[in-house]
Amino acid sequence: MKLQNKERSLLGLASILVGFLFVILLKAQGTVGSQLTRQETALPSLIQTEQENQQISEDNEKIQQELVKYAEGQNASALANQQLQEAQMNAGAVAVTGPAVRITLDDSKRVAIGQEDPNNFLIHEQYIREIFNALWNGGAEAIAVNGQRVTTNTEVFCAGSYIQINGTRQMPPYVIDAIGDTNNLSAALKFYGWDKLGDFQQQYGITRKLDVLPEVIIPAGKLRDYRYAEPVKEGT
Amino acid sequence: MHHWKRSLALPVTLVAIALGFMISLQAQTQKNVSAAEQISAERMGQMKSVLTNSQAQNTRLQEEHQFLLKQLDEARKKVGTDPQLLAQLKQLQIFEGTQAVEGPGIQISIDDRNKKALYPLSPDDIARLINTLKFAGAEAISINGQRIVSTTAIVLSGNSTILVNTIPINRSEGVPYELDAIGNQDTLLDYFSKLEAPGLKKYGLTVSITRKTVLIPSYKGTYTFVHANPVPA
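Conventions and cut-offs
- Residues numbered from 1 in each chain as written.
- Chains lettered and ligands numbered in written order.
- Predicted model: local features only at pLDDT ≥ 70, side-chain atom pairs only at ≥ 80, totals over all residues.
- Heavy atoms only, no water.
- Phe/Tyr/Trp six-rings, centres within 6.5 Å; stacked < 30°, edge-to-face > 60°.
- Helix = DSSP H or I, 4+ residues; strand = E, 2+ residues; numbered from the N terminus.
- Buried < 20%, exposed > 50% of the residue type's maximum accessible area, 1.4 Å probe, protein only.
- Pairing = 2+ DSSP bridges.
- Contact = heavy atoms within 4.5 Å.
- Buried area = accessible area lost by both parts, 1.4 Å probe.
- Salt bridge = Lys/Arg side-chain N within 4 Å of Asp/Glu carboxyl O.
- Polar contact = N/O pair within 3.5 Å; in protein donor to acceptor, adjacent residues only side chain to side chain.
- Nonpolar A, V, L, I, M, F, W, Y, C, P; charged D, E, K, R; others polar.

Within this structure, the stated rule accounts for six aromatic pairs over all chains. With centroids separated by 3.7 Å and ring planes inclined at 5°, the aromatic side chains of Phe157 of chain A and Phe135 of chain B adopt a geometry described as stacked. Taken together, the positions of Phe157 of chain A in strand S4 (residues 156-158) and Phe135 of chain B in helix H3 (residues 123-135) put the pair across two chains. Taking relative accessible area as the criterion, Phe135 of chain B reaches 21% and is therefore assigned partly exposed. Three or more aromatic residues joined by ring pairs form one cluster here, namely Phe121, Phe200 and Tyr204 of chain A.

All names here are of chain B. Taken in spatial order, the three strands line up as S4-S5-S6 in an open sheet, and their pairing is antiparallel. This sheet does not close on itself; its edge strands, each paired only once, are strand S4 (154-157) and strand S6 (167-168). Note: S4 against strand S5 (residues 161-164), four bridges, orientation antiparallel. What sits directly across from Ile154, in S5, is Val164.

This next bit is on the interface of chain B and chain A. Between chain B and chain A, the contact holds 94 residues from the first and 88 residues from the second. When the two sides are added together, the surface that chain B and chain A hide from each other amounts to roughly 8900 Å², 62% of it contributed by carbon and sulfur. On the chain B side of the interface with chain A, the three residues burying the most area are Phe95, Glu139 and His227 of chain B, jointly 10% of the side's total. In this structure, the connection of chain B to chain A is made through one salt bridge. Our count for the contact surface shared by chain B and chain A stands at 32 residue pairs in polar contact (both at pLDDT 80 or more). Sorting elements by how many residues they give to the side of chain B that touches chain A places helix H1 (residues 6-78) of chain B first, with 32 residues. Split into classes, the residues belonging to the side of chain B that touches chain A amount to 46 nonpolar, 34 polar and 14 charged. Across two bridges, strand S9 (residues 230-231) of chain A lies against strand S1 (residues 101-111) of chain B in antiparallel orientation. Looking across to S1 of chain B, one finds that Glu230 of chain A is bridged to Glu102 of chain B.

Interpretation note: all reported values are geometric properties and have no functional meaning in isolation.
Here you go:
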């Protein structure tokens, strides 16, 4: 079909208009998107700084209180001893007792048949770590697994047929004790991994048990020597 | 031939209606966008000033913190506290994490933002990496400035915010994750590069490990004991 001049110019005009609209639309979409990301990144760093500020303020207050005690001329060695005891407690170097939740995990007594994945019948290191994480998050004050106190340096590492914890070989069943508010601790366990273990219990026969005990004793952890880490000099 | 063809009348009308509709829609969108832009810019400005204030306060608090620690050290020396007891206290404070430490170690940078990355780094991944560093005998560990202590929980908040010691560690600029560990450099490097780095790289994450002297900040949270009581020795 041959187009007339007028028609051709009209068509050209329309095309230009549509193209123009399209470009504007894309541009508008682009600016909306970028605004969003800029705001999203500024917010976490604000929360981060605010919370860190709060942490440092609390810490500074503690030091100030201690300085006041020195200024008041309190018995210096008594003060140091008191601090030592606090630090030992914080570090987990003291055996503690209190109300607790006890979690028992054990491999299945059944063996995998046919197409079943044998991994689903065993307790793996990450289950134990996930449970620790949930318990700390729920406000646990002290945790031990098979009599090993969980401290700053505690590893839970799968070494084939056993799990290495605090440098010791641990075999199932794994009994985890955690002292704290037992309601909070029980509630904190309601996470994805815990439900998954429940499914494994039904399907493959592993053990996943939760008991609330009025009192348990959690043993003291072992301290370590430092060969590489040096305290940072204050005031620098 | 200056008159329109009848057969063209209907399609042209339809096109004209569609075009008119698009133009008005576009005008509306444009108006909304400029309004949104303005609001957003205002909000950004407010947020920036709050952030600047907060950062200034942070600097001031850090300075105050250092000053107080120095005073405390002097006060302890002045009253002549048993140096052996002080040494024991320092050791315990490294263990509980309230003492900042420095020493030889490794720094691990992990970038999960590139297009090849199949998954972003998850809290479980971070817990596993830290566990491997502990297995390698690390004496002190931190991730994005948060000291790892016994009670450290690593959890996801919302879709992508990772909390360590209840503090969000996500960064808006630079490498997303930086792990520092003090200990035997050979062991740390060997264990991490063999046990963890290949897995991360397989999923498209960028990992770099360097030997260096690292400074690991103190744990700024608090330990509270309400239910646990010390067992008399």
